[in-house]
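# Topology and contacts: notes
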Amino acid sequence: MVQQPTKFLLSIAVILALTPSVASALEYRSVAVPRAILYDAPSGQGKKLYVIWQGYPLEVIVNLGDWIKVRDNRGGLNWIEAKQLATKRTVIVIAAQASLQQSADPASGVVGTVEKDVVLDMLEMTGNGWIKVRHRDGLVGYLPTTAVWGY
């Protein structure tokens, strides 16, 4: 015979085992179309709030299938049609200006500079506070993660 507290603890253990981890990684997507509209509700009948450009990274907050609630680099929460997003990873420069380095080291040579609000393709997370990126013109280099948003 199982006592009540034991049944309760067993039930909790089963629920936790079947529930996805709360500490999962953040999910980001990028805008796939030249211009996408952000809405205040998950419907084309909702109020149109903003237009954002192709490549812009967005953090996925809630996925309803056809509509996705997203957060932008300024913390705004809005809805976008899922078909307007791609799984391609991009980041946006949040520093006023950032030096694109040859390697993940501030002492390495500078291959270029990028201005605030420039969108870059994310190529690799180095795990040491740097991210490898590619500019649309083909320039590849490393930036500190503090200079970008969307990773």
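This text goes with the structure placed above it.
Residues numbered from 1 in each chain as written. Predicted model: local features only at pLDDT ≥ 70, side-chain atom pairs only at ≥ 80, totals over all residues. Heavy atoms only, no water.

### Structural notes on the environment of P57
Our working definition: Note on conventions: DSSP H or I runs of at least 4 residues are helices, E runs of at least 2 residues are strands, and numbering of each starts at the N terminus. We call two residues contacting when some pair of their heavy atoms lies within 4.5 Å.
Mapped onto the elements of the fold, P57 is located in strand 4 (residues 57-63). C-alpha separation for the pair P57 and D121, spaced 64 residues apart in sequence, amounts to 9.7 Å. Leave out the neighbours within four places in its chain, and P57 touches R29, S30, T90, V91, I92, V119, W149 and G150.

### Re the packing of aromatic side chains
For clarity, the threshold we go by: Ring pairs shown here join Phe, Tyr and Trp side chains whose ring centres sit within 6.5 Å, with only the six-membered ring taken for Trp; geometry is labelled stacked below 30 degrees between planes, edge-to-face above 60, and tilted in between. In this scheme, a residue with accessible area under 20% of its type's maximum is buried, one over 50% is exposed, and one in between is partly exposed, where area comes from a 1.4 Å probe on protein chains only.
Applying the stated criterion across every chain, the model contains 3 aromatic pairs. A centroid spacing of 5.4 Å and a plane angle of 85° characterise the contact between Y28 and W149, whose relative ring orientation is edge-to-face. Taken together, the residues span a long stretch of sequence, with Y28 in strand 1 (residues 28-31) and W149 in strand 14 (residues 148-149) at a distance of 121 residues. As far as the burial class goes, Y28 and W149 line up, both buried.

### Topic: the environment of D40
Spelled out, the test is: Here a polar contact is taken to be a pair of N or O atoms separated by no more than 3.5 Å, where protein atoms must pair a possible hydrogen donor with a possible acceptor and residues adjacent in sequence count only if both atoms sit in side chains.
The residue D40 is located in the loop between strand 2 (35-39) and strand 3 (48-53) in this model. Along the primary structure D40 and L77 are separated by 37 residues, whereas in three dimensions their C-alpha atoms are 8.3 Å apart. Contact partners of D40, with chain neighbours within four places excluded, come to G46, K47, L49 and W79. Within polar-contact distance, the side chain of D40 engages the backbone nitrogen of K47 at 2.8 Å.

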